[in-house]
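Architecture and fold: a report
Below, each chain spelled out in residue letters.
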Amino acid sequence: MSGQTDETASRRLGISPRTYSRRVADLLEHLDVSTRFQGGAELIRRSQSAAS
């Protein structure tokens, strides 16, 4: 959800902003990164590795 606030993104997904933030934090922890930017880069890296 590029460039959207957590509140807007959570509303579009039909979940509370708190749940959205918690799920993002869980994802970043799972990816072993500390920022959302790093998380995006890691997801791209992993998807490219899986496609090879």
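Now for a description of the structure that goes with this document. Note that this is a predicted model, so its numbers are computed, not measured.

**Quick look at the pattern of salt bridges**
Under the defined criterion, the tally for this structure stands at four salt bridges. Across the salt bridge formed by Glu7 and Arg11, the nearest N and O atoms sit 3.7 Å from each other. Note that Glu7 and Arg11 are positioned in helix H1 (residues 6-13) at a spacing of four residues, about one turn of the helix. Across the salt bridge formed by Glu42 and Arg45, the nearest N and O atoms sit 2.6 Å from each other. Within this pair, Glu42 and its partner Arg45 are both found in helix H3 (residues 36-51), separated by three residues, close to a single helical turn. Here the residues in one salt-bridge network are Glu42, Arg45 and Arg46, joined through shared partners.

**Considerations on the nonpolar core**
Generally speaking, soluble globular proteins have nonpolar side chains that are buried together. Membership of the largest hydrophobic core is limited to six residues, which are Ala9, Tyr20, Val24, Leu28, Leu31 and Val33. Examining the composition of this core, we find that four residues originate from one element, helix H2 (residues 17-31), more than from any other.

Procedures and definitions
Residues numbered from 1 in each chain as written. Predicted model: local features only at pLDDT ≥ 70, side-chain atom pairs only at ≥ 80, totals over all residues. Heavy atoms only, no water. Salt bridge = Lys/Arg side-chain N within 4 Å of Asp/Glu carboxyl O. Helix = DSSP H or I, 4+ residues; strand = E, 2+ residues; numbered from the N terminus. Core = buried A, V, L, I, M, F, W, Y, C linked by side-chain atoms within 4.5 Å. Buried < 20%, exposed > 50% of the residue type's maximum accessible area, 1.4 Å probe, protein only.

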